[in-house]
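A look at the structure
Here is what each chain is made of, one letter per residue.
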Amino acid sequence: MNVDRDQPKGRGLIVMRRLPLGIVFLVCLVSASTSQDVGSPGSPRITLVVPSSLVSETIQVEYFMNGPFGGYGGFIRAEKNRRTYAIDASVGGQAAEGVKVIAYLPGCEIVMLNIPIRGTSVERQLPCRPLHAISLHGQIFPVSITQEQPTGVEVVYMAMWSHEFYGIMDGPVTAIRLATVVPDSDGQFEAKLPDFNRQLDLGAGEFEFILREHATGNIIAFLRPVEPRTNSRRLKVRSSYAPMQFMAERQ
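Described in the following lines is the structure provided in the data block.

Scoring rules and cut-offs
- Residues numbered from 1 in each chain as written.
- Predicted model: local features only at pLDDT ≥ 70, side-chain atom pairs only at ≥ 80, totals over all residues.
- Heavy atoms only, no water.
- Helix = DSSP H or I, 4+ residues; strand = E, 2+ residues; numbered from the N terminus.
- Buried < 20%, exposed > 50% of the residue type's maximum accessible area, 1.4 Å probe, protein only.
- Areas by Shrake-Rupley, 256 points an atom, 1.4 Å probe, with all protein chains shown as cover.
- Contact = heavy atoms within 4.5 Å.
- Pairing = 2+ DSSP bridges.
- Axes fitted to C-alpha atoms, helices over the stretch in contact; angles between N-to-C directions.

As for the overall build of the protein chain
For the protein chain, the count of helices and strands is 1 helix and 20 strands. Taken over 251 residues, the protein chain has a buried fraction of 49%. About 12400 Å² of surface is accessible on the protein chain, with carbon and sulfur atoms providing 50% of the total.

Quick word on the environment of Val-226
Within the secondary structure, Val-226 sits in the loop between β18 (219–225) and β19 (234–236). The spacing of Val-226 and Gln-245 is 19 residues in sequence and 5.6 Å in space, taken between C-alpha atoms. Leaving out residues up to four positions away in the same chain, Val-226 has contacts with Met-244, Gln-245, Phe-246 and Met-247.

With respect to the side chain of Thr-174
Mapped onto the elements of the fold, Thr-174 is located in strand β15 (residues 174–181). Contact partners of Thr-174, with chain neighbours within four places excluded, come to Glu-62, Ile-102, Tyr-157, Met-158, Ala-159, Ser-162 and Tyr-166.

So, the sheet that holds strand β6 (residues 84–88)
Strands sit in the order β6-β3-β11 across an open sheet of 3 strands; the sheet is mixed. Looking at the sheet topology across the chains shown, the edges are occupied by β6 and β11 (121–125). Averaged over all pairs of adjacent strands, the angle between their axes in this sheet comes to 20°, without regard to strand direction. Pairing of strand β3 (residues 45–49) with β11 involves 5 bridges; the strand directions are parallel. When the sheet's bridge partners are listed, Arg-45 is paired in β11 with Ser-121.

See below:
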């Protein structure tokens, strides 16, 4: 990932890019921490500004850039007490033509930016449009799986629309980690899910629930919502959620 020198670097992505003439090719780029030129003199740079009302280390930012090099994606590592983050919009000394950004700021709508690169310096605010949360009450079965050791339920939003937004054919789906909640001795938990159903500019999205060891963070099981006529491991975004049972499925 292209980032400024004084912040930790992210990772590159392997993607399939959608071209104007319908030609599809594989773009395989190595990590920025190995051979990629970072901060080349004169390379374009995007500065993202975080609202002062937010805790800077809680934001999640991912991006995808395109240009003569093909396509390249990465993410920003959030840090404490930081109001700006910079992305060097170039790969191997070649300037990007445009950069698309997906940013999650807790308590806010998901931010999507499409930034054309003209010149060497671009600044964009990451706006916070408040978004309410909806409670989901769940219970894990078998209950014994939560009694063997201290556990936590990690809640992840899977942005199934991210490929279309980036204009790519393949690669990891954008995953936003929302929270980790602790189930009680009966396997019951309550999760606050952002009301993404109200954000009309989003496409299809789903929530994933992962049971992890509290001490190590290791995955114990994926939690499948028990619903009629579906066997999906994920829960689609809705306007409300009835109390739900989750079946623990070990890897």
